[in-house]
Amino acid sequence: METLDLSRLPKHIAIIMDGNGRWAKEQGQDRLFGHYHGVISVRKVVEAATELGIQYLTLYAFSTENWDRPEPEVTGLMTLFVETIAKEVPDLHNNNIKLAFIGNLEMLPNEAKLALANATEQTANNTGLTLIIALSYSGRWELIEATKKIAQKVSNAELSINEITGAVFSDNLASKGLPDPELMIRTSGEYRISNFLLYQLAYAELYFTDTRWPEFRKEHLEQALLEYQSRERRFGKTSDQINQL
Ligand code: IPE
Ligand code: IPE
Ligand code: MG
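Residues numbered from 1 in each chain as written. Chains lettered and ligands numbered in written order. Predicted model: local features only at pLDDT ≥ 70, side-chain atom pairs only at ≥ 80, totals over all residues. Heavy atoms only, no water.

Student: How do you make sense of the site of ligand 1 when you look at a structure like this?
Tutor: Taken together, the neighbourhood of ligand 1 is formed by Met17, Asp18, Gly19, Asn20, Gly21, Arg22, Arg31, His35, Ala61, Asn66, Arg69 and Leu77. One of the backbone nitrogen or oxygen atoms of Asn20 is found 3.2 Å away from an oxygen atom of ligand 1. One of the backbone N or O atoms of Gly21 is found 2.9 Å from an oxygen atom in ligand 1. Here ligand 1 loses 88% of its free accessible area of 380 Å² to cover by the protein chains. More than half of the atoms belonging to ligand 1 lie within 2 Å of the grid points that define the largest pocket. When residues of the shell around ligand 1 are traced back to their parent elements, those giving at least two are α1 (20-26) and α2 (31-52). Residue classes in the shell around ligand 1 are distributed as three nonpolar, five polar and four charged. (Near = heavy atom within 4 Å. Polar contact = N/O pair within 3.5 Å; in protein donor to acceptor, adjacent residues only side chain to side chain. Areas by Shrake-Rupley, 256 points an atom, 1.4 Å probe, with all protein chains shown as cover. 1 Å grid on protein atoms, 1.4 Å probe; cavity = no way out; pocket = protein on both sides within 12 Å on 5 of 7 lines; lining within 4 Å. Sits in = over half its atoms within 2 Å of the grid points. Helix = DSSP H or I, 4+ residues; strand = E, 2+ residues; numbered from the N terminus. Nonpolar A, V, L, I, M, F, W, Y, C, P; charged D, E, K, R; others polar.)

Student: Honestly, the site of ligand 2 in this entry has me stumped. Any pointers?
Tutor: In the vicinity of ligand 2, the contacting residues are Ile16, Met17, Asp18, Tyr60, Ala61, Phe62, Asn66, Arg69, Arg186, Arg192 and Ser194. Within the contact set of ligand 2, an oxygen atom lies 2.9 Å away from a side-chain nitrogen or oxygen of Asn66. In this structure, an oxygen atom belonging to ligand 2 sits 3.3 Å away from a side-chain N or O atom of Arg69. More than half of the atoms of ligand 2 fall within 2 Å of the grid points belonging to the largest pocket. A breakdown of the residues in the shell around ligand 2 according to their chemical character gives five nonpolar, two polar and four charged.

Student: I would appreciate a short explanation of the nonpolar core in the present structure.
Tutor: Soluble globular proteins tend to pack their nonpolar side chains together in the buried interior. Membership of the largest hydrophobic core comes to 47 residues, with the highest contact counts inside it found for Ile13, Ile15, Leu57, Leu131 and Ile185. Broken down by element, this core gets its largest block of residues, nine residues, from helix α3 (residues 71-94). The contact partners of Ile15, leaving out residues within four places of it in the chain, are Val45, Leu57, Thr58, Leu59, Tyr60, Ile185, Phe196 and Trp213. One finds Tyr60, Ala134, Tyr137 and Leu201 within the second-largest nonpolar core, a separate group that totals 13 residues. (Core = buried A, V, L, I, M, F, W, Y, C linked by side-chain atoms within 4.5 Å. Buried < 20%, exposed > 50% of the residue type's maximum accessible area, 1.4 Å probe, protein only. Contact = heavy atoms within 4.5 Å.)

Student: Could you clarify how one ought to interpret the packing of α3 against helix α4 (residues 110-122) in this entry?
Tutor: Geometrically, a packed helix pair is captured by the angle between its two axes and the distance between the axes. It is the contact of α3 with α4, at a shortest axis distance of 10 Å, that shows an interaxial angle of 5°. In this view, α3 runs roughly parallel relative to α4, as classed from their interaxial angle. Counting all contacts with α3, which are made through Val82, Ile85, Val89 and His93, the residues of α4 involved are Glu111, Ala112, Ala115, Leu116, Ala119 and Gln122. A class-by-class count of the residues in the contact of α3 with α4 yields seven nonpolar, two polar and one charged. (Axes fitted to C-alpha atoms, helices over the stretch in contact; angles between N-to-C directions. Parallel < 35°, antiparallel > 145°, perpendicular 65-115°, else oblique.)

Student: Is there a simple way to explain the layout of surface pockets in this structure?
Tutor: A probe matching the size of a water molecule, rolled over the atoms, marks out where space remains unfilled. Volume-wise, the largest pocket comes out at about 980 Å³. Along the walls of the largest pocket sit 44 residues, with Met17, Val42, Tyr60, Ala61 and Phe81 positioned nearest its centre. Elements supplying a minimum of two residues to the lining of the largest pocket: α1, α2, β2 (56-63), α3, β3 (98-102) and β4 (130-137). Per-class residue counts for the lining of the largest pocket are 22 nonpolar, 11 polar and 11 charged. (Points joined across faces, edges and corners; volume = space filled by probe spheres on them.)

Encoded structure:
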């Protein structure tokens, strides 16, 4: 088997953790069973990312559109988030992991808001992996929010229109301060972005696997990284230009 070049790993990996529901159905269980098993995969992938020395990992846990799922699934997921955060934060903290959340967090129930605020605060000074959970997140929501913030600054005469650069735009996104992901992984055989990091994924390498999220393990992450390392990232240039660098 090929080996990973540890000097050429992405700084930031983003994952659409998909397929919990289908996996559960295949096991003759209900969808929440799949979400509970998905947490095991989260733990394994966070461990693997830490071992590899990845700096940023963004996990898509719940989209704005997911609010429209049947009420028992939404409530079950909210309970799972609160339980998981309470249970995992001590270990994450011991492993020097910093937690951050992006999304329309206002929409979350109070209990979840509190859990997120505590987790963020407790791990704020950690310097290892930054684990970003996209929760009640939508890429379009984030772009609209950034536009509103920038428009407000222009209207307050704090910023002129000519000063709106890519850097200013990035600074007004929920992902402010994070580098763009170089690699985006989606599990469970769907080939779409589903409103994830629309601005930030502009030049990400996309990797799709049929593996359902509850079965995703370190070896699957390594497979994705191997594929990533086999690609030539050209950023609009020609292959010759890239190879001259
Ligand atoms: C991903 O798995 C988790 C969430 C969106 C919360 P799904 O729940 O979308 O599982 P499938 O796609 O229905 O199998
Ligand atoms: C995307 O998965 C959101 C998360 C993984 C949290 P969905 O299962 O909601 O996406 P669609 O509906 O298949 O596009
Ligand atoms: Mg899905």
